[in-house]
Amino acid sequence: MISFIMMAYNVEKYIADAIVELQKENEVKWELIIVDDFSTDSTFEVAKRFADGDERIKLVKNTSKGKVTGTNYGYSLTSGDIIKCIDSDDVLLQDFFREYENMKKYDAHCHSAFIADHKLNTRAIYNINPLLISKGFEFVLSNLVSFPKWSWSFSRKIAEKIFPMPETLPFEDVWIALTVKKYSKNVYVIDKPIYLYRQHDNQTFGGIINYSKEKVIFRAKRLLALMDVLENEPRVFKGFEKNIFDSARVYNRLMSKERLSVWDVLISELRAMAKFKIILIKKFPMLAKYATILKWKLDALLSKN
């Protein structure tokens, strides 16, 4: 069985789309654990209507506020041999289930996604970063290479390494990616987008290609806090010195500045490509958006060659 964990907070307009698509699957056995994170709209009531009518769906309220806490709680209620997190405002397409027999042979699995607007009209394709698969763990750790958590599924053996996640984590994605990378002997890459990643105004991180000043600073500060947590977590950090994050800290400290001059970037000890990326995102956010989409297309071409 596949166990899906879905955190839900104020998604009354979107959560039905996610659930209805799952309910179309009647061949592969699955369960859905929905954890309501103290929503202030009708999210719980919408989800309850589905849970009352489908025994495969379990709805609970979070034990305390927070996505990390809630995802840990959701995992404690699962019973499947494969675990996957789904965002409650997104849609997992039916093609995912067609991969089930292949997925059973691997420790973990990942896939790309369609970037969609709030009405689920597709706008681009998000392709997973091939460096996370091809490079060693030290590279992935030092550069904090990760995919969004929805791009992963994993065996219960790997899930037992991931969970419970440290509740001091500011967000989950990097922790999941690092743990999968460290403990998986093999990763199955599903070479097509099988997920609709919905972009809308209420997203915590502002959307995957949102380079507004506010969101760039917010994300950088979150990553700086994340590194402080990772350094004290032997599950991912054992065997490494704290200086492994030196470049990542410099990069995100620059990204987190309200005011940043090009000179500040140029005199830093970062590599040329990192400097270029900072200048592009901080000074030319719209150009950075289209450069990101172009990179996804190039990554897709390289992964097929």
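Residues numbered from 1 in each chain as written. Predicted model: local features only at pLDDT ≥ 70, side-chain atom pairs only at ≥ 80, totals over all residues. Heavy atoms only, no water.

Kindly report on helix α13 (residues 272–283), identifying the contributing residues and their values.
When the terminal C-alpha atoms of α13 are compared, their 16 Å separation across 12 residues agrees well with the 16 Å that a helix rising 1.5 Å per residue should span. For α13, the complete set of buried residues consists of Ala274, Lys275, Ile278, Ile279, Leu280, Ile281 and Lys282. (Helix = DSSP H or I, 4+ residues; strand = E, 2+ residues; numbered from the N terminus. Expected span 1.5 Å × (residues − 1). Buried < 20%, exposed > 50% of the residue type's maximum accessible area, 1.4 Å probe, protein only.)

Let's hear about the pattern of salt bridges: which residues, and what values?
Per the counting criterion, the structure on display carries 16 salt bridges. With its nearest N and O atoms 2.8 Å apart, the salt bridge here joins Arg249 to Glu231. Placement of the pair is Arg249 in helix α11 (residues 246–255) and Glu231 in the loop between α9 (213–230) and α10 (234–237), with a sequence separation of 18 residues. For the residue pair Arg249 and Glu231, the accessibility class agrees, reading buried in each case. (Salt bridge = Lys/Arg side-chain N within 4 Å of Asp/Glu carboxyl O.)

Provide a residue-level description of α11, including the pertinent values.
When we look at burial in α11, the residues that qualify are Ala248, Arg249, Tyr251, Asn252, Leu254 and Met255. Buried residues along α11 sit against α6 (137–143), α9, α12 (262–266) and α13. (Contact = heavy atoms within 4.5 Å.)

Break down the packing of aromatic side chains for me, with residues and values.
All told, the structure shown has 14 aromatic pairs when counted by the stated rule. Each ring, one from Trp150 and one from Tyr195, has its centre 4.6 Å from the other, and the planes form 5°; the classification is stacked. Here the residue Trp150 occupies a position in the loop between α6 and β8 (152–155), and Tyr195 occupies one in strand β9 (residues 187–198), the gap between them amounting to 45 residues. Of the aromatic side chains, those joined through ring pairs into one cluster are Phe4, Trp30, Phe96 and Phe97. Lying across the ring of Phe218, Lys215 places its NZ or CZ 5.7 Å from the centre. (Phe/Tyr/Trp six-rings, centres within 6.5 Å; stacked < 30°, edge-to-face > 60°. Lys NZ or Arg CZ within 6 Å of the ring centre and 35° of its normal.)

Mind laying out the pairing of strand β2 (residues 30–36), listing which residues take part and the relevant values?
Taking burial as the measure, the seven residues of β2 include seven buried ones, the bulk of the element. Here β2 shows two buried faces, one formed by Trp30, Leu32, Ile34 and Asp36 and the other by Glu31, Ile33 and Val35. Here strand β1 (residues 2–8) pairs with β2 via seven bridges, running parallel. Among the inter-strand pairings, Phe4 is bridged to a residue of β2, identified as Leu32. One crossover worth recording links β1 to the parallel β2 by way of helix α1 (residues 15–23), and it is right-handed. The pairing of β2 with strand β3 (residues 57–61) spans five bridges and is classified as parallel. Residue Leu32 lies in a different strand from β3, and its bridge partner there is Ile57. With helix α2 (residues 43–53) bridging β2 and its parallel neighbour β3, the resulting β-α-β unit is right-handed. (Pairing = 2+ DSSP bridges. Right-handed = clockwise from strand over helix to strand, strands pointing away.)

Describe the state of the cysteines, naming the residues involved and giving the relevant values.
Applying the stated criterion across every chain, the model contains zero disulfides. Counting only cysteine sulfurs, Cys110 is the nearest neighbor of Cys85, a cysteine outside any disulfide, at a range of 15 Å. (Disulfide = S-S within 2.5 Å.)

Tell me about the packing of α1 against α2, residues and numbers included.
One can describe the packing of α1 onto α2 by two numbers: an axis separation of 10 Å at closest approach and a directional angle of 15°. Classified by the angle between their axes, α1 and α2 sit roughly parallel to one another. The hand of the α1/α2 crossing is right-handed. Contacts between α1 and α2 pair Ile15, Ala16, Ile19, Val20 and Gln23 from the former with Thr43, Val46, Ala47 and Phe50 from the latter. In the contact of α1 with α2, the residues fall into seven nonpolar, two polar and no charged. (Axes fitted to C-alpha atoms, helices over the stretch in contact; angles between N-to-C directions. Parallel < 35°, antiparallel > 145°, perpendicular 65-115°, else oblique. Left-handed = near helix turned anticlockwise from the far one by under 90°. Nonpolar A, V, L, I, M, F, W, Y, C, P; charged D, E, K, R; others polar.)

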